[in-house]
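For reference, the chains in residue letters:
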Amino acid sequence: MNKNIVFCGVGGQGTVLASRLVADAAMKENRHVMTAETIGMAQRGGSVFSHMRIDDKQEKSLTVVRSPLVARGDADLIIGFEPGETVRQLPYLKKDGWVVTSTRPVQPVSAMIGLSSYDSEAMISYLKKHVAHLILVDADQALADIGNPRVLNIVLLGAAIRTGEVGVEPADIVEALHARLTEKVWEVNEKALAYAG
Amino acid sequence: MKFCAGYPGTPSTEILETIAKRNPGNVYVEWSVNEKAGMEAAAGAALSGARALVTMKQVGLNVASDPLMSLEYIGVKGGMVIVVADDPGPISSQTEQDTRTFGMFSKVPVFDPSSVHEAYEMIQEAFAFSEKYHTPVFFRPTTRVDHGYESISVEEPEEYVYQEPEGFKKDASRWVIFPKLSVRAHAEIEKRNAALSDTLSSYDRNFILPETGKFRKIGIATHGVNYAYTTDAFAGGDHPRVLRVATPFPFPEKKALEFLDGLDEVLCIEELDPVIERALVFLCGKHHLSVTIRGKMSGNVKLSGENSVDEVRSYLRKFYAETGFSADDVPAEIPADDAVPPLPVRPPVLCAGCPHRASFYAVKVAMKGRKTLYAGDIGCYTLGNAHPLDMTDTCLCMGAGINMAQGVNRIEPDTRAFAFVGDSTFFASGITGTINAFYNQADITLCVLDNSTTAMTGHQPHPGTGRTIMGDIVEAVSIENVLRGIGLTTVETINPLDLDHAVEVIRRVADEPGVKAIIFRSPCIVKFRPSSGKSHVDPDKCIGCRKCIRELGCPALVMDGEKAAIDPSQCTGCTLCEQICPVGAISGGGKNE
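Residues numbered from 1 in each chain as written. Chains lettered and ligands numbered in written order. Predicted model: local features only at pLDDT ≥ 70, side-chain atom pairs only at ≥ 80, totals over all residues. Heavy atoms only, no water.

(A) Structural detail: the nonpolar core. All names here are of chain B. Formed by 72 residues in total, the largest nonpolar core has its most connected members in V363, F418, F420, F426, L446, L483 and I506. Ranked by residues supplied to this core, first place goes to helix α17 (residues 499–510) with seven residues. Contacts of F418, omitting those with residues within four sequence positions, involve V363, M367, T372, L373, Y374, A375, A405, T445, C447, I506 and A510. Core analysis: the next-biggest nonpolar cluster, separate from the first, contains 68 residues, V29, A126, Y229 and I269 among them. (Core = buried A, V, L, I, M, F, W, Y, C linked by side-chain atoms within 4.5 Å. Buried < 20%, exposed > 50% of the residue type's maximum accessible area, 1.4 Å probe, protein only. Helix = DSSP H or I, 4+ residues; strand = E, 2+ residues; numbered from the N terminus. Contact = heavy atoms within 4.5 Å.)

(B) Representation of the packing of aromatic side chains. Within this structure, the stated rule accounts for 14 aromatic pairs over all chains. Residues F102 of chain B and F105 of chain B carry aromatic rings whose centres are separated by 5.7 Å and whose planes lie at 75° to one another, so their mutual orientation is edge-to-face. Taken as a pair, F102 of chain B and F105 of chain B lie in helix α4 (residues 99–106) at a separation of three residues, close to a single helical turn. Pairing Y374 of chain B with F420 of chain B gives two aromatic rings, centres 6.0 Å apart and planes at 50°, and the pair type is tilted. Residue Y374 of chain B is found in strand β13 (residues 372–375), and its partner F420 of chain B is found in strand β14 (residues 416–422); the two are separated by 46 residues along the sequence. Across the pair, F420 of chain B and Y374 of chain B agree in class, each one buried. Taken together, the ring pairs in this structure connect F111, F129, Y133 and Y203 of chain B into an aromatic cluster. The residue whose ring lies beneath R20 of chain A is Y149 of chain B, and the NZ or CZ to ring-centre distance is 4.2 Å. The ring centre of Y227 of chain B lies 5.6 Å from the NZ or CZ of R244 of chain B, which sits over that ring. (Phe/Tyr/Trp six-rings, centres within 6.5 Å; stacked < 30°, edge-to-face > 60°. Lys NZ or Arg CZ within 6 Å of the ring centre and 35° of its normal.)

(C) Representation of the sheet that holds strand β3 (residues 52–57) of chain B in the model. All names here are of chain B. The strand order β2-β1-β3-β4-β6-β5 describes an open sheet built from six strands, whose pairing is parallel. Strands with a single pairing partner mark the edges of an open sheet, and in this sheet they are β2 (28–31) and β5 (110–111). Of the pairings in the sheet, the one linking β3 to strand β4 (residues 80–85) comprises six bridges and is parallel in character. Paired with V54 across the bridge in β4 is I82. Where helix α1 (residues 14–21) meets the sheet, it contacts β1 (3–6), β2, β3 and β4, and its direction lies at approximately 140° from that of β2. (Pairing = 2+ DSSP bridges. Axes fitted to C-alpha atoms, helices over the stretch in contact; angles between N-to-C directions.)

(D) Highlighting unusual backbone geometry. Residue and element names in this part refer to chain B. Each neighbour pair has its own omega, and for T10 with P11 the value is 5°, a cis peptide bond. Its identity is not glycine, yet K217 carries a phi of approximately 70°, on the positive side. Along the chain, K217 turns up in the loop between β8 (207–209) and β9 (218–222). Look at K217 and you get partly exposed, because its relative accessible area is 46%. With a phi close to 50°, H288 is a non-glycine residue in the positive phi region. Checked against the element boundaries, H288 lands in the loop between α11 (275–286) and β12 (292–294). With relative accessibility at 73%, the residue H288 sits in the exposed group.

(E) Just the interface of chain B and chain A, in detail. Facing 58 residues of chain B, the contacting portion of chain A comprises 56 residues. With both sides pooled, the region where chain B packs onto chain A buries about 4800 Å², and carbon together with sulfur makes up 60% of that total. Put simply, chain B and chain A have four salt bridges between them. D232 of chain B is the salt-bridge partner of R53 of chain A, the closest N and O atoms lying 2.5 Å from each other. The tally of links from chain B across to chain A stands at 18 residue pairs in polar contact (both at pLDDT 80 or more). (Buried area = accessible area lost by both parts, 1.4 Å probe. Salt bridge = Lys/Arg side-chain N within 4 Å of Asp/Glu carboxyl O. Polar contact = N/O pair within 3.5 Å; in protein donor to acceptor, adjacent residues only side chain to side chain.)

(F) Here's a closer look at the layout of surface pockets. Looking at the second largest pocket, its volume works out to about 1200 Å³. If you go around the second largest pocket, you meet 43 residues; those closest to its centre are R72, R88, Q89, P91 and Y92 of chain A. Those elements that provide at least two residues to the lining of the second largest pocket are β3 (47–55), α2 (83–89), β5 (93–102) and α4 (120–130) of chain A together with α12 (309–322) of chain B. Here the lining of the second largest pocket is composed, by residue class, of 21 nonpolar, 10 polar and 12 charged. (1 Å grid on protein atoms, 1.4 Å probe; cavity = no way out; pocket = protein on both sides within 12 Å on 5 of 7 lines; lining within 4 Å. Points joined across faces, edges and corners; volume = space filled by probe spheres on them. Nonpolar A, V, L, I, M, F, W, Y, C, P; charged D, E, K, R; others polar.)

(G) Focus on the side chain of S535 of chain B. Residue and element names in this part refer to chain B. By secondary structure assignment, the location of S535 is in the loop between β18 (532–533) and β19 (536–537). Judged by relative accessible area, S535 falls into the buried class, the value being 5%. In this structure the side chain of S535 is engaged in a polar contact, spanning 2.6 Å, whose partner is the side chain of E578. Those residues within four positions of S535 in sequence are excluded, and the remaining contacts are I566, C571, G573, T575, C577, E578, I586, S587, G588 and G589.

(H) Highlighting the state of the cysteines. All names here are of chain B. Under the counting rule described, the total for this entry stands at zero disulfides over all chains. Here C268 is not cross-linked by a disulfide; its sulfur's nearest cysteine counterpart is in C284, at 9.3 Å. Taking the relative accessible area as the measure of exposure, C268 reaches 1% and is therefore buried. Considering cysteine sulfurs only, C574 is the nearest to C577, which forms no disulfide, with 6.1 Å between them. For C577, a relative accessible area of 9% gives the class buried. (Disulfide = S-S within 2.5 Å.)

Structure representation (structure tokens):
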């Protein structure tokens, strides 16, 4: 099954690791993966996204080249690490697509010093109104239950995998986790991956 | 490939890092002090018969252009590929310059890949081409190829074919540039490039997709990742004739003439400069062809910024409509929803605990009420421009701040001029500027923000770190010694996180005459995560004055109702907020000892 997935959040939240894990798992299943990421300057607390396209096969031809960026209205799934960033990427979602998002806002510095305003409740209401298949993840609760403040990316990835919309096997994600992370954090990340509230 | 050099710059940095990581052991890799040094070192290796690679971002090519312009006249023996990562958008660059245009200017052939897998195959062809024609070649992926990932099959090290370099053979008539050589080489290069235009017309990556279905007499010419956007936008339906240009210079004229044959209208879909558009307009004039060429110059494609699949779709739909074809196969653009609530404004900011915040804040406090000029430079610390710090008045290019401060001070002698430069930028291009300021008796304060790494591009080592990309431990170059060696007598090194002391030193040094330096030394908290206690706010003591939030703009500081609060997942315990709290409500940060 071909899948277009958008990961989005704020620089430093771990969107890149989440997308690499999915890419690793898809590659293990011998599928063709492309991603396009914002990295660099935007890492420093800016809006970040990663577009991913997974195809069952790759045509071997000089003239066949697929876009690494997803077009608007073409994403099967958005994995949002921050509600405002999820709304920002929502135009990319298919009409009947899925959204898995954290509900916890990250207040930008510009809002804190009064140069802009940010109402995260309005983001959640907007998502509820416009998304057919919406899964809201209470980050504070999840991280408190797991007992580690730094695994939100894996909690969200786990919730996304359980929708079936990522289209990769959970066991392959675990294997990818083991390959990318040091052994001492395997347990907490596996706990985060399996966390279902 | 035997030799690789480069200077970090988004989106080119990961190339050398990947080579260093996957090094089978016989490839020399270096982070050069800047792009000019990397270009020259690679040229030396290529003159010795080795395959050499040098990597940089597009503005880095400006730094390296002096050796390059002459190298093209001299030529190379071993294959030499210059990877220049262009950045449409620009996403993290100062300019939107196009290396395809630089190819024309420097007469250096250019390869322009459309995807990650094509880049992997094409760079091997680029090396072979360079060796065959004894010319350095450009390889210019753009951000979506550079920062794209794709599953591809790569050869294992034992499958590579190695050639031992012949070594440098002395031949002053060949390797020493003189006017006599230049005039001869110039004519030879022009003749060679004219011949290469024909050769490249048969290069299979410059290809034509024939029109399908109803389409007649119209065509699309495109390149790089825009080719992927264009064919994606066809969405499997019928499409006009397509020309994909993989070598914009020398332009494959015969292939383009074959493409133009029988067409009335052509749309050029490009990012950055209208390179293909100009080449086609030129060809139409040269061959008296009556074909309308549309693109950026005709207003059909936007003049700046990055294209998206959606924009390419709308260019196609409009082009089809204007030339009398149905645009039904190309998905229509999804209009923006006017009812979206206001999205958070989220420019990049200095990290929580970043020592640059403390450095800027100390200078700001020390110079309060004074007439000042804060010349910034290229690096994380460019983010010192953001409110509430607002400590960057100029930013131009790597190393420019020092001499810009000098110039401002010459015109406005009563202005206290400060130049902020990072450690890596100081080594890359700050030293000559400092010598210039010193020699010409400027009156400026040089602030070296030394976080012991090249932070913005992802923490590469540099001459001051005492480490190399190959993992070697080497003699570190001391910034203090360099400055004293130039002749500066005031060279103070301070810890910016000790605010009171920093402010005192800045006040004293800024009023001394001449060029004087303050080195703000504190490591990047992303690279060297401190094992500190985290600061926390005592809500009973906090008076809700918001001074910490209003003056520092630290992303870990938030308001929890009427009281300040600290996000423990972001706080590094730098204690800057503790030091400025008027009622001592914040504590707990600092080193655990």
